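# Examining the three-dimensional arrangement
Residue-level listing of the chains:
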Amino acid sequence: MSSRLWMGVPVAVLAVAPVFAAIGTAPAQAAPSGPGVAFNYTCTGQTYAGEELPAVNISARGGVRAAKGQAQTSWRGVAKFSTIECKSV
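Residues numbered from 1 in each chain as written. Predicted model: local features only at pLDDT ≥ 70, side-chain atom pairs only at ≥ 80, totals over all residues. Heavy atoms only, no water.

## Some words on the state of the cysteines
To keep things clear, this is the line we draw: Note on terminology: pairs of cysteine sulfur atoms within 2.5 Å are recorded as disulfides. Labels follow the DSSP assignment, with helices taken as runs of H or I lasting at least four residues and strands as runs of E lasting at least two, numbered in each case from the N terminus. Whether a residue is buried, partly exposed or exposed follows from its accessible area with a 1.4 Å probe, protein chains only, as a fraction of its type maximum: under 20%, in between, or over 50%, in that order.
All chains considered together, the criterion is met by one disulfide. Across the disulfide, C43 is cross-linked to C86 (sulfur-sulfur distance 2.0 Å). The sign of the S-S torsion, about 115°, decides the handedness of the disulfide formed by C43 and C86: right-handed. Pair noted here: C43 is in strand β1 (residues 39-46) and C86 is in strand β3 (residues 85-88), with a separation of 43 residues, a long-range link. We classify C86 as buried; its relative accessible area is 11%.

## Topic: the sheet that holds strand β2 (residues 52-60)
Quick note on the threshold: Strand pairing is assigned whenever DSSP identifies at least 2 bridges connecting the two strands. Axis angles are defined between N-to-C directions and span 0 to 180 degrees, where every axis is a line fitted to C-alpha atoms and, for a helix, only to the segment in contact.
Pairing is antiparallel across the open sheet formed by three strands, whose spatial order is β2-β1-β3. Here the strands that pair on one side only, and so sit at the sheet edges, are β2 and β3. Within the sheet, the average angular offset between the axes of one strand and its neighbour, ignoring direction, is 25°. With seven bridges connecting them, β1 and β2 associate as antiparallel partners.

As structure tokens, this is what we get:
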């Protein structure tokens, strides 16, 4: 390739960049979604002895399973994982 063509490449990229920036912007009213967005959950559960634990509010990024793990941690591991129920708030 000639050197003139290589010098035009950065100019072409700068000319096209605003078009891609306009395409990539989302409307301001759009609800956030995706793997990096945290959602709020209310979780309940039971101990291994069958006693009810107080409900906790959790903000988790990985979905319901991540919310269950955070709830178990907030109860300091006394909750039986299979009894934890988390509902989106």
